[in-house]
Amino acid sequence: MSSEVDRDIAASRKALNKYHDHVMAQRGPIEKKQRQCMAYVRPGRGRFSSIKNDDDYEAPGLINTTATLASDICASGLVDNMASPQRVWFEYDPYDVDIEDDLAASDFLMALRDLVLRGFAMSNFYGRLHQMFADEADSGTTLAIMYESEQTLFRFVVITPGTYGIAMDSEGTVDTMVREFKMSYDSIAERFGIDSLSENTRKKLAASQAQGRPKGSSEIVIRHAIMPNPDYVEDSPFPQNWAWREVYWEAPSKGESKKTEWPDYGFGGKGKGMQPEDDGIMEIGGFRENPLICGRWSRRDDDVWATSWPALSCIYDVKGMQEMEADMALAIEKGADPPMQGPATLDAREVSSRPGEFTAVPEGEGAPLKELHGTSHLNLDGVANYGIARAEERVRQHYKVNFFLMLTGDARNSPPTAEEVRGRDRERATVLSPILEANEHLFRQIINRATAIVMRRAELDWIQGSEQVLPFPPESLSGAEVRPRYISEVAVAQRLTSLVEVERWLEMGRALAELDQSVLDNADLDFTFRNYGKTLGVDPEHMNTGDQVAAVREQRAQMQAEREARAAAMEASQVMQTLSQAQPGNALGEVVGDG
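A. Structural detail: the state of the cysteines. Applying the stated rule across the entire model yields zero disulfides. With no disulfide partner, Cys 314 has as its closest neighbouring cysteine sulfur the one in Cys 37, 7.7 Å distant.

In structure tokens, the structure reads:
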């Protein structure tokens, strides 16, 4: 659905509730699928309050947790391959500025990158990123809000699946969110202040306190929305006028009449019979950039929600595994303690099924005791091998577990060769490239907002004449478009495929050079070597600029010329010494002597 916000939508509590219900209604077709997947893969993570008493989507209790473990491995593998905290996984690349020989621009971009990465490390980013990838693999869509933090620069809040609705703009970017959650009165008082509550809610709070209820026992439903601001004012210092608006308000309670006239929240508007402070809108804030970070595993262009994800693809395997595990447990129980049949005169309470026990049967009173339904004819190993094991393998394939554990699963004593590792990297890049491309927009949003937050901090520092946060940017970057370039393992593995042809070409050149050295004149080795390192993600700090390379070569040429001059002078000196020692009567000696 479109996220265009009419001015009236954000103008009153009534309009906000109407817009909330409209956005949430759009998740109807996908909600049952998400709930089913979360119930069988990660029960307790989602909260789907709009579906009640639907036993088809309530897991009876997980016996086989292969899907849960596969989801954890998938999330960890995606973090490690795309944005590992142990390595530099992106850098800034100006598209319209050549910084090859611009040391000031290169130093500034590296300092900016390091500061953003340090902010990610200080904040809760990497832990929340793991949760986001797990939600994406289990429910198809993940959503987080990226807040600015005074202490750690950034703070990420991952929204629980099932509690929110989203809308996107014409470019497919999610820019609107509504959600609903509960808060205790004490938490509201600490977060928003009691005065932010409506008059009706304050009365309920006073009654609750008069009854002596425990602190934190009373809760109310709070609604929360982030949307484009129809009243955006550029460069405004007031958060209410920034590009994105954030609103917290009370959800409609059972005691409120539908005919209640809600006052406008601001700009001087008020409704009949109520004061502005009684409208139930608790807080109005804003963001300068879109704070919504949304990842979707795979979707159609016209769908705001993901249409395919690992848990949905293998949900029938997951269900089947639970049933087969339950059947196996029942078969084992029957084998260990089978139902028995015997004479009618034998009271069942007198029969012992404990190992080694003896049950006396009255002589001549019917047939002897025997198993009613034995399990000796069942091949339990075969059931496990051909049923559960195959389903488990399919689940692991959907979650790409084998590719994330590709190197750790090598049981050979000798380590893999470089060519084997390179081949596995290419295979891994082929499999994971669609996931990286699907999440590229997510990472771009994160980096762009993080960059904007850091730059605002630096600008305040520059105004005070300090460069403690960041050095002042050089003139060459003024007006330049700077974009993040990914140098994570998957991104590098993707680009490695382009280096295979270069390596073959250089091998051919080396072979031909043994016959004719002039063939190397066709290769720009400087560019090839630099581009090779850039493709591998080598930090620019390890590379000399073009000017530095020229200076080194000039110095080397000068030293070589000096060595050649000294060698020539030494050779001339030796010749002169030889000539001076020539024997008299020697023709050359006579000539020298005559001179």
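After that view of the structure, there is still more to cover.
B. Examining the environment of Pro 161 more closely. Along the polypeptide, Pro 161 turns up in the loop between strand 3 (153–158) and strand 4 (164–168). Of the residues examined, Pro 161 reaches a relative accessible area of 2% and is grouped as buried. Between the C-alpha atoms of Pro 161 and Gly 46, which are 115 residues apart in sequence, the distance is 4.8 Å. Those residues within four positions of Pro 161 in sequence are excluded, and the remaining contacts are Met 38, Arg 45, Gly 46, Arg 47, Phe 48, Asp 135 and Ser 139.

C. Here's a closer look at the pairing of strand 6 (residues 219–228). Counting buried residues in strand 6 gives eight out of 10 residues, a clear majority hidden from the surface. Relative to strand 6, strand 5 (residues 174–184) runs antiparallel, the two sharing eight bridges. Bridge pairing links Phe 181 to Ile 222 in strand 6. Note: strand 6 against strand 7 (residues 244–250), seven bridges, orientation antiparallel. The partner of Arg 223 across the bridge, within strand 7, is Trp 249.

D. Spatial organisation of helix 2 (residues 28–41). Taking 1.5 Å as the rise per residue, helix 2 with 14 residues should run 20 Å; its terminal C-alpha atoms sit 21 Å apart, in good agreement. Counting buried positions along helix 2 yields 10 of 14 residues, so the element is predominantly enclosed. Every buried residue of helix 2 is accounted for by Ile 30, Glu 31, Gln 34, Arg 35, Gln 36, Cys 37, Met 38, Ala 39, Tyr 40 and Val 41. For helix 2, the secondary structure elements touched by its buried residues are helix 3 (66–82), helix 5 (125–139), strand 2 (141–149), helix 8 (310–313) and helix 9 (315–336).

E. Structural view of unusual backbone geometry. The phi dihedral of Leu 153 is positive, around 70°, even though this residue is not glycine. Within the fold, Leu 153 resides in strand 3. Exposure remark for Leu 153: the relative accessible area of 10% places this residue in the buried category. The backbone of Asp 235 shows a phi angle near 65°, a positive value even though the residue is not glycine. Following the sequence through the fold, Asp 235 ends up in the loop between strand 6 and strand 7.

F. Spotlight on the pairing of strand 7. Across the seven residues of strand 7, seven count as buried, placing the element largely inside the fold. Because side chains alternate across strand 7, one face comprises the buried residues Trp 244, Glu 246, Tyr 248 and Glu 250, and the other comprises Arg 245, Val 247 and Trp 249, equally buried. As paired strands, strand 7 and strand 8 (residues 281–287) are joined by six bridges and run antiparallel to one another. Bridging from a neighbouring strand, Arg 245 pairs with Gly 286 of strand 8.

G. Here's a closer look at the side chain of Asp 461. Along the chain, Asp 461 turns up in helix 12 (residues 418–463). Of the side chains with opposite charge, Arg 457 comes closest to the buried, unpaired Asp 461, at an N-O distance of 11 Å. Ignoring anything within four residues of it in the chain, the contact list for Asp 461 reads Ser 466, Glu 467, Gln 468 and Val 469.

H. Representation of helix 5 within the structure. Helix length check: helix 5, at 15 residues, gives a terminal C-alpha distance of 20 Å against a target of 21 Å (1.5 Å per residue), a fit within 8%. For helix 5, a buried count of 11 out of 15 residues is recorded, marking the element as mostly surrounded by other parts of the structure. Residues of helix 5 that are buried include every one of Phe 125, Tyr 126, Leu 129, Met 132, Phe 133, Ala 134, Asp 135, Glu 136, Ala 137, Asp 138 and Ser 139, and no others. Of the residues trailing helix 5, Gly 140 is marked for its positive phi of about 90°.

I. The arrangement of the packing of aromatic side chains in detail. All told, the structure shown has 14 aromatic pairs when counted by the stated rule. Ring geometry for Tyr 147 and Phe 287: centres 5.6 Å apart, planes at 50°, overall tilted. In this pair, Tyr 147 is assigned in strand 2 and Phe 287 in strand 8, connecting sequence segments 140 residues apart. For Tyr 147, a relative accessible area of 12% puts it in the buried group. Judged by relative accessible area, Phe 287 falls into the buried class, the value being 6%. Among the aromatic residues, ring-to-ring pairing joins Trp 89, Phe 90, Tyr 92, Phe 120, Phe 125, Tyr 126, Phe 133, Phe 154, Phe 156 and Phe 443 into one connected group. Across from the ring centre of Trp 242, 4.0 Å away, lies the NZ or CZ of Arg 288, which sits over that ring.

J. Looking closely at the environment of Ser 187. Tracing the backbone through its elements, the reader meets Ser 187 in helix 6 (residues 185–191). Judged by relative accessible area, Ser 187 falls into the partly exposed class, the value being 33%. Each C-alpha atom, one on Ser 187 and one on Glu 219, is 9.2 Å from the other, the two residues being 32 residues apart in sequence.

K. Structural context of the sheet that holds strand 3. Read from one edge of the open sheet, three strands run 3-2-9, paired in antiparallel fashion. Edge positions in the sheet fall to strand 3 and strand 9 (292–296), since each of these pairs with one other strand and no more. Ignoring strand direction, the axes of neighbouring strands in this sheet form an average angle of 25°. Of the pairings in the sheet, the one linking strand 2 to strand 3 comprises six bridges and is antiparallel in character.

Rules and cut-offs
- Each residue is numbered by its place in its chain's sequence as written, counting from 1.
- A pLDDT threshold of at least 70 governs which residues receive local features in this predicted model, and a stricter bar of 80 or more applies before side-chain atom pairs are shown or counted, although totals over entire chains, interfaces and linings include all residues.
- Think of the side-chain values as coming from all heavy atoms in the structure, minus any hydrogens and water.
- Any two cysteine sulfur atoms within 2.5 Å of one another count as a disulfide.
- Helix and strand assignments follow DSSP, with helices taken as H or I runs no shorter than four residues and strands as E runs no shorter than two, numbered in order from the N terminus.
- Whether a residue is buried, partly exposed or exposed follows from its accessible area with a 1.4 Å probe, protein chains only, as a fraction of its type maximum: under 20%, in between, or over 50%, in that order.
- The criterion used for residue contact is that any of the two residues' heavy atoms lie within 4.5 Å.
- Should DSSP find at least two bridges between two strands, the strands are regarded as paired.
- In this analysis, the expected span of each helix is defined as 1.5 Å times one less than the number of residues it contains.
- Positive charge is attributed to Lys and Arg, negative charge to Asp and Glu, and no charge count is given to His or to the chain ends.
- Criterion for a salt bridge: a side-chain nitrogen of Lys or Arg within 4 Å of a carboxyl oxygen of Asp or Glu.
- Note on ring pairs: Phe, Tyr and Trp rings are taken, using the six-membered ring of Trp, and paired if centres are within 6.5 Å. Classes follow the plane angle, with under 30 degrees stacked, over 60 edge-to-face and the rest tilted.
- Placement of a positive charge over a ring is assigned whenever Lys NZ or Arg CZ falls within 6 Å of the ring centre and within 35 degrees of the normal to the ring plane.
- Helix axes are fitted only over the stretch in contact, all axes being lines through C-alpha atoms; the angle between N-to-C directions runs from 0 to 180 degrees.

Interpretation in functional terms is not warranted from these geometric data alone.
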